[in-house]
Every structure is written in structure tokens, then in C-alpha cells.
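Now for the letters of each chain:
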Amino acid sequence: MHVHPNPHFARKYSQQGGKSRPTKEDNVRKTIAAGVVAGFALAAGLVMPAQAISATTADLYVFHGIPDTPVDVWVNGEVKVPDFQPGTFAGPLDLPAGDYEVVLTAPDAPVTDPALGPVTLTLEAGKSYTAAAFLDADGMGTAKLFTNDVATTNAGEGRLTVRHTAAAPAVDILANGAVAFSNVVNGAEGTTALPVGTISAAVAATGTTEPVLGPADVAIKDGVLTIAYAWGSLDGETNNLKLAAQEITVGHTNPGGVPSGTAGYAAERDAMTQAFWIVGIAALLAAASVGGVLTSRRMRATKLDS
Amino acid sequence: MTRRLIAPLVLVLALSACAPVPAPSGAGAPSASPTPTPVPTSTVDVPIVDGALQPARASLPPVRVRIDAAGVDMEVVPVGVESSGFMELPPDPAIAGWYRFGPDPWSPDGNTVIAAHIDAPDYPIGPFANLRDLPADAEITVAAADGSTAAYGVATVTYYPKQELPTEALFAREGTRALVLITCGGDFDETTGHYDDNVVVVATPRA
């Protein structure tokens, strides 16, 4: 994601396409160019990276998927996310690699009175994680550390991860009406690359196509990991199954180059123009010298006459 | 020597003069006492994002680019990448391609990239052949099908050897909005059938 523009990339030519000495105008342009490249670097530097992963740290997001129960999120004995609401994401927390003890409590409750946990999360350097608190298939609160695939996407593609974090049986996940992930059980996930655009996503009981959730429009963006969570409960009385989505900018692939000329006509024209001028100037010089000779001869003739 | 030293000193004094003048005491204003900046507490403000699905901003493709100073008034079509990984371009040099996977001129951030062939077999030389002669601050306007327009001023015209095209910076998704026009230039290599260089115009939005 970091940009390292090198102003020395710029090679200057004269306007006729030849490799003659840089003109004054060229130098001015070069200076402006360096300024703008520096501008790019500055702009890039000001942008907060979507991920702060480093060689020694990990990114940790937290997803709250337990309906109707706001919590405080404690990490190693400290409240990191107070009054964390269901259906929301927190993060990223940029944490040094290592083990972290996470506890969820009712808001303002002491850490010694956990609603969930403590659980130990082992974070590796250079990775992105989402710790999710959600209902298991039987409707009991549970937690799981998911690893996010933050590899750079191919040009024109985004990445979709789906996670089953709902009190519901195995499901099929449909994209534009077709099964994209089949037989996904609670706590399981699937990931695929998709062309950029909007897909209509739906969740149906395995082997069926009648949605129990959705269809909903999910944006697939170039260079972005979109993680969709089915959360809540499909339980008859409290059917509050919902979809939540998290977006992580993972980095895109730029075109390898811009091959924008394949005939050479413009180069030919330049060469012709140059040749025209050379021939033209030579002709003028020749004419001038011939004229000069004639003049002097005439003058001599005049002298002789007189 | 002594005299030369005076100028920087004066400058320093002038700069200090720019510091805010302390409010006269007893003016009833809350005392802006020079307390040290509070030491950051261990509490981290963790960004919170609602998980509800957000409708994505639909991109607004530019359909026309116009540069009076270069006699350019061209149709623009959306393009992607070829299987080779290179940017796709309309075969006709009279039509420019907008890199549709990146920002458009109305995106909040990043560079809009529009490229066209300088020439191609069996077509006349394209209008982008004139890009190399653009003066600084020449006006470029880009229009969308819905009538939206965006105006830019030329900041730089640069030749890059093709292998050294700084794609990361030119195709940036983040940072200040800019318009990047790319075509070819320099010497034509008959053996490869390609030009040695890319000619790149970077233009910044008009205020």
C-alpha cells in the first residue's frame, strides 16, 4: 500500500522526441514533475492505512454477533471497547503478536463477572483477525477467532468471505441465485474471489433455495475483502437472523503497464518532420550560398563594366 | 560574515512574531495557561463500524475528455485489464479508455486514469499524440453521461521508460484526487512494435 515514487524515473526528452539536451522548458517541467511526485508521496503518507499490520504486529477486529446484549470488551484486563453493540464491528486494534485474554462483560460490570470468556487469542504477526462473539447452533454464546484473507486481490476482483455465526442449522449461501457455498455449518466460513460489482446474496437451508435470509445486495470492490456474517437466531420464536458485513481494504493489483502505441506512425511523423527541417534548412543554406556567389560575381561583373 | 548572519536571525524573529499574542491578563478570558499537553491515557479509541450492509457508491464513468490546448475532444469508454495484466485500451486511438477498477473523477479520493493509443495500425495518429506538448496549467475537462463535469489543470508532463512507469502512484486509490492521462511516446522500437516510453500527464482539480 505504500507508495515509493522515485522522481529519478523521469527521463526528459526534447519536444521533437530526439535525445538532445534538455531545454529550459524541460527543466521547468522536470521540477514541476518532482513536486507532484512528492505530492503523491505526501498524500499517500497522510492516508491512514486500512490495516496497520507489520512484521511484529497483527490487526484484530471484533464482531459482536449476540443479539440484544451490549457488552464491554476487555483485552488483557482493560476495557478496549465499552458498550459494544450487537451487529457492529470494532477495530482494527494493532497488537503485537502474542496471546491475549479476552473477556466480555455486561456494560460496566467487573471483569471478574464475565458474560463470555475468558478466551485466549493467539495472534501471529502480519495477520488480520476477526474475533467474533456469536450464538452457536444451539443458541449458546460462543467466540471464535477467524483469520481474514488479506492478500492483494487481482485487478478487477474483490474477495468475499462468508461466515455462519447464527443459531441455525447448516446452510447454503447463494450468490445471484446460484449456490456459492454449500453446507456451511455454524462457526464455518468460505472465501472466494469475485469480479467487482454487486451480488445478490441469500442464505437458505442446505439443499434448498428458499432464502431464510436475504436476498441482500453485497458490494464486491476491487482490492477489498468483504466479510458477510449471518448472525442472530433462526429459532422459531426469536427469529432475528440478520446479515452484517465488514470491509477490509487489502490492496489491489495495478495494471502491469500501458502499451499505448503499436504502429509507430507518430514516431515516423516526428522523424519526417525532423528530416523535413534538416532538408529544408540545408536547402535554404544552399540557396543562400549560391545567391551569395551570384551576387559577388555580379558585383565583380559590375566592377569590370565600369 | 556578521552581516550574512543577520538575515536568518531576522527571519527567526519574524517567525516568532507570528506566534499567537498572549491575551492581556484580566480580560476575563479563560486563562490559556501553558499547561503541558496531557499525557495520552492507555485508552485507545477503537473505530466502531455498524455491520448493516451499506449500498456501495456506484462509479460514474467519464464519457468524454476535452483539452482545448491540445485539440483533444474524445470519447471515453470504461476499460479493465488484458489477460496479460496490461491496461486494456480501445483499439482506435481516437477513443480513450478509463480504468474502471480505479477511481472516477467524482470519487472522493485517488486518481482517475484515462489512456489512449498514440497510434495503432490502420488508424490515423490519435489525439493523445498532442499530450506531450501540453503547457502547465492547460485546462482538461472530463464529462459523464449525466452531465457532470470535472475540470483539471495540467501539473506535469513526464516521459517514463515503460518498465519504470510508477503504476502504484499513478493508479493510486487513495490520496488527493487527480487526473492521469497516459499514452506512448519516445522512440518506436520496430523489433517489439512498441514505443520506449509512456507520456504521462498529471492534472490536479481546479479549485
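Residues numbered from 1 in each chain as written. Chains lettered and ligands numbered in written order. Predicted model: local features only at pLDDT ≥ 70, side-chain atom pairs only at ≥ 80, totals over all residues.

This paragraph deals with unusual backbone geometry. All names here are of chain A. Omega for the bond connecting Gly117 with Pro118 falls within 30 degrees of zero, at 0°, which places this linkage in the cis form. Residue Asn76 is not a glycine yet carries a positive backbone phi of 50°. Structurally, Asn76 can be placed in the loop between strand E2 (71-75) and strand E3 (78-84). (Helix = DSSP H or I, 4+ residues; strand = E, 2+ residues; numbered from the N terminus.)

Turning our attention to the environment of Thr88 of chain A. With respect to the secondary-structure elements, Thr88 of chain A resides in strand E4 (residues 88-96). A residue is classified by how many C-beta atoms lie within 10 Å of it, and Thr88 of chain A, with 19 of them, is partly exposed. (Buried ≥ 20, exposed ≤ 12 C-beta atoms within 10 Å, placed from the backbone.)

The parts lose accessible area when they come together, and the size of an interface is often stated as this lost area. Taken together, the contacts link 64 residues of chain B with 59 residues of chain A. Secondary-structure elements contributing two or more residues to the side of chain B that touches chain A are strand E1 (48-50), strand E7 (149-161), helix H2 (167-170), strand E8 (178-189) and strand E9 (194-205) of chain B. Residues that form the side of chain B that touches chain A fall into these classes: 36 nonpolar, 17 polar and 11 charged. By the bridge criterion, 3 bridges tie E4 of chain A to E1 of chain B in an arrangement that is antiparallel. Across the sheet, the residue bridging to Thr88 of chain A is Asp50 of chain B, located in E1 of chain B. (Contact = placed C-beta atoms within 7 Å. Nonpolar A, V, L, I, M, F, W, Y, C, P; charged D, E, K, R; others polar. Pairing = 2+ DSSP bridges.)

With that out of the way, let us pick up the sheet that holds strand E1 (residues 57-65) of chain A. If you walk across this open sheet you meet the 5 strands as E8(A)-E7(A)-E1(A)-E4(A)-E1(B), and the pairing is mixed. Every interior strand has two partners, whereas the edge strands, strand E8 (141-148) of chain A together with E1 of chain B, have only one. In this sheet, adjacent strand axes meet at a mean angle of 25° when their direction is disregarded. Taken together, the 7 bridges between E1 of chain A and strand E7 (residues 128-135) of chain A define a ladder with parallel strand orientation. (Axes fitted to C-alpha atoms, helices over the stretch in contact; angles between N-to-C directions.)

Attention now goes to the sheet that holds strand E11 (residues 178-184) of chain A. All names here are of chain A. Pairing within the open sheet is antiparallel, and its 4 strands lie in the order E11-E10-E13-E14. Strands at the two margins of the open sheet, each flanked by one partner only, are E11 and strand E14 (211-220). Taken over all neighbouring pairs, the strand axes of this sheet differ in orientation by 20° on average, direction set aside. Inspection of the sheet shows strand E13 (residues 197-205) paired to E14 by 7 bridges, in the antiparallel sense. Looking across to E14, one finds that Ala204 is bridged to Pro211.

With that settled, the discussion passes to the pairing of E11 of chain A. The two faces of a sheet get side chains in turn, since along a regular strand they alternate between them. All names here are of chain A. Across 4 bridges, the pairing between strand E10 (residues 171-175) and E11 is antiparallel. Across the sheet, residue Ile173 finds its bridge partner in E11, namely Phe181. In sequence, E10 turns back onto E11 through a hairpin of 2 residues, with Asn176 there showing a positive phi of about 50°.

This paragraph deals with the confidence of the model for chain B. All names here are of chain B. The share of residues in chain B with pLDDT of 70 or more is 79%, and the mean pLDDT across the chain is 82. This stretch, residues 1-42, has a pLDDT under 50; its non-local contacts, to residues over four places away or in other chains, come to 3 contacts. Overall fold confidence (pTM) sits at 0.74, and the ipTM for the predicted complex is 0.72. (pLDDT = per-residue confidence, 0-100.)

Our next topic: the environment of Pro110 of chain A. Along the polypeptide, Pro110 of chain A turns up in the loop between strand E5 (98-105) and strand E6 (114-123). Note on Pro110 of chain A: 11 C-beta atoms within 10 Å, which makes it exposed.

Residues and elements named next belong to chain A. Of all the 10 residues making up strand E15 (residues 224-233), 9 are buried; the element is thus mostly covered by neighbouring parts of the structure. Note that strand E9 (residues 157-167) and E15 share 9 bridges and pair parallel. From the neighbouring strand, His164 faces E15, where its bridge partner is Ala230. Pairing between E15 and strand E16 (residues 242-249): 8 bridges, direction antiparallel. If you follow Thr226 over to E16, its bridge partner there is Glu247.

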